[in-house]
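Summary of structural features
If you want the building blocks of each chain, they are given just below.
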Amino acid sequence: MSTDPQNLFGKHCKSVDNTMNMAVEFEEEGKSLGEYLAVLNRRKKQLIIPVVVTFVVIALIALLWPPTYRSTATILIEEQEIPKDLVRSTITSYANQQIQVITQRTMTLKNIMSLVEKYELYDKAELQRRTKTEIAKEVQENVRLDLVSAEVVDPRSGRPTEATIAFTLSYDHKNPSKAQKVTNELVTLYLNENLKSRTEKSENTSSFLKSEATSLSQTLK
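Just so it is clear, the model here is predicted, and its values are computed rather than measured.

1. Details of the confidence of the model for the protein
Per-residue pLDDT for the protein averages 76, and the proportion of residues at 70 or more is 72%. Segment residues 85-93 is flagged for pLDDT under 50; beyond a separation of four residues in sequence, or across chains, it makes 13 contacts in the model.

As structure tokens, then:
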């Protein structure tokens, strides 16, 4: 076996070269705290200016943005007066489903535009510029309905269950007086629609009970 002196020398140089590179990298990575502070000091304008501009923009938005007022009403849900044992389950319905049905019947284009015109929620220029559908959609977005649930005891099973006991109606507007008036009007619409729905169900229940009474009378005869 023979050894080439030039190859050994080349390997030795490469090893030294790698060691030097590692030393240089170690020196570059090991910056002191003073050096970092010096870098921050040199670039403080680049850091402070965006922060100041952002703060000023947020402050201007908070000051110049028109305030929005929210009026909220809470509507309690009462149990039906007719005993559940006398009425089939097909006649009764869950409270949340009934609320959704009443909402669909109440928040119609006709009712919304009636509120817009009655309480002058938009000026004449905007009413001419925009379509009724766009305005009605925006009014619907400003109306909020939230269900209020609580844990109650089911009288039939005696077990605790979660039920909807109330719901809240809210309306947002830049004018607090108009926000309150529209909320009151919405409550009236909901109550009237609920009364109408209860009347229809009462008539259906009455017809059902009469038919059952007639059938029982015929059976007895």
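2. Things to note about unusual backbone geometry
With a phi angle near 50°, Glu120 is a residue other than glycine that sits in the positive phi range. The exposure class of Glu120 is exposed, given its relative accessible area of 56%.

3. So, the packing of aromatic side chains
Taken as a whole and judged by the stated rule, the model has 1 aromatic pair. Between Phe167 and Tyr190, the aromatic rings sit 5.9 Å apart at their centres with planes inclined by 45°, giving tilted as the arrangement. Here the residue Phe167 occupies a position in strand E3 (residues 160-173), and Tyr190 occupies one in helix H8 (residues 176-220), the gap between them amounting to 23 residues. For the residue pair Phe167 and Tyr190, the accessibility class agrees, reading buried in each case.

4. Details of the side chain of Thr183
If you trace the backbone, Thr183 turns up in helix H8. Exposure remark for Thr183: the relative accessible area of 1% places this residue in the buried category. Engagement of the side chain of Thr183 in a polar contact is seen with the backbone oxygen of Ala179, the distance being 2.8 Å. With residues near it in sequence (within four places) discarded, Thr183 still touches Ser71, Thr72, Ala73, Leu169 and Tyr171.

5. Brief notes about the packing of helix H5 (residues 109-119) against helix H7 (residues 132-142)
At a minimum axis distance of 10 Å, the contact between H5 and H7 shows a crossing angle of 85°. It follows from the interaxial angle that H5 and H7 lie roughly perpendicular. Within the contact between the two elements, H5 uses Leu109, Ile112, Met113 and Val116 and H7 uses Lys132, Thr133, Ile135, Ala136, Val139 and Gln140.

Conventions we followed
- Residues numbered from 1 in each chain as written.
- Predicted model: local features only at pLDDT ≥ 70, side-chain atom pairs only at ≥ 80, totals over all residues.
- Heavy atoms only, no water.
- pLDDT = per-residue confidence, 0-100.
- Contact = heavy atoms within 4.5 Å.
- Buried < 20%, exposed > 50% of the residue type's maximum accessible area, 1.4 Å probe, protein only.
- Phe/Tyr/Trp six-rings, centres within 6.5 Å; stacked < 30°, edge-to-face > 60°.
- Helix = DSSP H or I, 4+ residues; strand = E, 2+ residues; numbered from the N terminus.
- Polar contact = N/O pair within 3.5 Å; in protein donor to acceptor, adjacent residues only side chain to side chain.
- Axes fitted to C-alpha atoms, helices over the stretch in contact; angles between N-to-C directions.
- Parallel < 35°, antiparallel > 145°, perpendicular 65-115°, else oblique.

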